[in-house]
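Architecture at a glance
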Protein chains: 2
Amino acid sequence: MSDITPPARCGDLFASGCPSREVLKHVTSRWGLLILVALRMGTHRFSELRRRIDGVSEKMLAQTLQWLEGDGFVLRVSYPEVPPRVEYSLTDAGIEVSERVAALALWIEADLPRVLAVRRRQHEAG
Amino acid sequence: MSDITPPARCGDLFASGCPSREVLKHVTSRWGLLILVALRMGTHRFSELRRRIDGVSEKMLAQTLQWLEGDGFVLRVSYPEVPPRVEYSLTDAGIEVSERVAALALWIEADLPRVLAVRRRQHEAG
DNA sequence: CAGCATCCAAGAAGATACTG
DNA sequence: CAGTATCTTCTTGGATGCTG
């Protein structure tokens, strides 16, 4: 290809103008993280994700999936059937982020007892 | 101690009622992640963090620091001086989350060129 | 300097109804 | 089933002014 690709340096999350902040926002959004973790177990349909991720609305699930698709983390495959079927899966990049994201999620889940203990102590101390 | 400690099982982020969602929210909040990463390089004063984290307001910095302190990730030490000086650092738990969080942040920064390329391709195809 | 209180705007999120 | 469109509600976040 002959197009003159721009520098494409690495991002800097500490700089307010850097586009990497957008990506971070999508990945760490309320539902983005849970979607990425859920998709680690394989391809899922829209309604499967909806059931798996307790509390998410149709609208936010669709929107967040579109964000993640736009960043190249999620692959959306639509089958021309009736009734319609759409399957979501992770791209290679998606697998990589989801590893980092899952590591964080699992750690937080495992750490919960400590947080609760800290909170109780603070509550008692007033 | 004689207090009957409750089960304190691990959290489940997929359950909407689980308190671990709160912790996740604090850690992955707009500024929470950047604060944790910034504090990995050692103790910082309030104003230092403010300068380091481009775009954060005083209010949100203070609020997010309080969240992280409440979860036991950040230690706040106030010196009784004039003018006042307050120093923030990571607790042991804070060091552990920050490792996961930093891994994610660094990966996203490094991955930015790919995201930008994907976006351009979609824009052209658009 | 650190940070709280107040007010206000912007955006996220939910409920509902509708479409291919 | 897998969404979109619309409306409404709530939360996030920023600006400002004030205090110890």
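Use the structure listed above.
Below or above, wherever it landed, is the structure these notes cover. Everything numeric in this text was worked out from a predicted model, so none of it was measured.

Turning our eyes to something else, we now look at the side chain of D71 of chain A. Within the fold, D71 of chain A resides in the loop between α4 (58-70) and β2 (74-79). Classification of D71 of chain A as buried rests on a relative accessible area of 1%. Within polar-contact distance, the side chain of D71 of chain A engages the side chain of R119 of chain B at 2.7 Å. Apart from the residues lying within four places of it in its own chain, the contact partners of D71 of chain A are V23 and H26 of chain A together with R114, V115 and R119 of chain B.

Attention shifts here to the interface of chain B and chain A. Counting residues at the interface gives 56 residues for chain B, matched by 56 residues for chain A. Interface area, chain B with chain A, both sides summed: about 4700 Å², of which 67% is carbon and sulfur. Ranking the residues of chain B by area buried against chain A places F14, W107 and E109 of chain B at the top, with a combined share of 17%. Where chain B touches chain A, the interface holds two salt bridges. Between R119 of chain B and D71 of chain A there is a salt bridge, and its shortest N-O distance comes to 2.7 Å. Those elements that provide at least two residues to the side of chain B that touches chain A are α1 (20-27), α2 (32-39), α4 (58-70) and α5 (92-125) of chain B. Of the residues belonging to the side of chain B that touches chain A, the class tally is 32 nonpolar, nine polar and 15 charged.

Residues and elements named next belong to chain A. Here three strands make up an open sheet; going across it, the order is β1-β3-β2 and the pairing antiparallel. Each edge of the open sheet carries a strand with a single partner, namely β1 (44-45) and β2. Bridging between β1 and strand β3 (residues 85-90) involves two bridges; their strand directions are antiparallel. Opposite R45, over in β3, you have E87 as the bridge partner.

Moving on, we come to the protein's contact with DNA strand C. Among the 19 residues in the neighbourhood of DNA strand C, the closest are listed as K59 and P84 of chain A together with S47, Q66 and R76 of chain B. Between a base oxygen of DNA strand C and a side-chain N or O atom of K59 of chain A, the distance comes to 2.6 Å. One nitrogen or oxygen atom from the side chain of R45 of chain B is found 2.8 Å from a phosphate oxygen belonging to DNA strand C. Contributions of two or more residues to the surface near DNA strand C are made by α4 of chain A together with α3 (46-52), α4 and β3 (85-90) of chain B.

Let us look at unusual backbone geometry. P83 of chain A follows V82 of chain A through a cis peptide bond whose omega is 0°. When you line up the elements, P83 of chain A lands in the loop between β2 and β3.

Once that is clear, we can look at the packing of helix α1 (residues 20-27) of chain A against α5 of chain B. Two packed helices can be described by the angle between their axes and the distance between those axes. Relative to each other, α1 of chain A and α5 of chain B sit at 105°, their axes nearing to 9 Å. For the element pair α1 of chain A / α5 of chain B, the angle class is roughly perpendicular. Residues S20, E22, V23, L24, H26 and V27 of chain A of α1 of chain A touch α5 of chain B, and the partners they reach there are L104, I108, L112, V115 and R119 of chain B.

Of the two same-sequence chains, chain B is brought onto chain A (RMSD 0.1 Å, axial shift 0.0 Å) by a rotation of 180°. What the superposition gives is, in effect, a two-fold axis relating one chain to the other. The position closest to the rotation axis in chain B is occupied by the C-alpha of T28 of chain B, lying 2.9 Å away. Mapped onto chain A, 100% of the interface residues of chain B again fall at the interface, so both copies present the same surface.

Let's shift gears to the environment of Q122 of chain A. The topology assignment puts Q122 of chain A in helix α5 (residues 92-125). Ignoring any residue separated from it by four or fewer positions in sequence, one finds Q122 of chain A in contact with E69 and G70 of chain B.

Glancing now at the protein's contact with DNA strand D. S47, R76 and Y88 of chain A together with K25 and K59 of chain B are the nearest of the 19 residues found near DNA strand D. A share of 63% is what sugar and phosphate atoms reach among the atoms of DNA strand D within 4 Å of the protein. For DNA strand D, a phosphate oxygen lies 3.2 Å from a polar atom in the side chain of Q66 of chain A. One of the side-chain N or O atoms of Y88 of chain A is found 2.5 Å from a phosphate oxygen in DNA strand D. Sorting the residues of the surface near DNA strand D by element identifies α3 (46-52), α4 and β3 of chain A together with α4 of chain B as the ones contributing at least two each. If you tally residues by element for the surface near DNA strand D, the top one is α4 of chain A, at three residues. Split by residue class, the surface near DNA strand D holds nine nonpolar, four polar and six charged.

Conventions and cut-offs
Residues numbered from 1 in each chain as written. Chains lettered and ligands numbered in written order. Predicted model: local features only at pLDDT ≥ 70, side-chain atom pairs only at ≥ 80, totals over all residues. Heavy atoms only, no water. Helix = DSSP H or I, 4+ residues; strand = E, 2+ residues; numbered from the N terminus. Buried < 20%, exposed > 50% of the residue type's maximum accessible area, 1.4 Å probe, protein only. Polar contact = N/O pair within 3.5 Å; in protein donor to acceptor, adjacent residues only side chain to side chain. Contact = heavy atoms within 4.5 Å. Buried area = accessible area lost by both parts, 1.4 Å probe. Salt bridge = Lys/Arg side-chain N within 4 Å of Asp/Glu carboxyl O. Nonpolar A, V, L, I, M, F, W, Y, C, P; charged D, E, K, R; others polar. Pairing = 2+ DSSP bridges. Near = heavy atom within 4 Å. Axes fitted to C-alpha atoms, helices over the stretch in contact; angles between N-to-C directions. Parallel < 35°, antiparallel > 145°, perpendicular 65-115°, else oblique. Least-squares fit on C-alpha atoms with pLDDT ≥ 70 in both.

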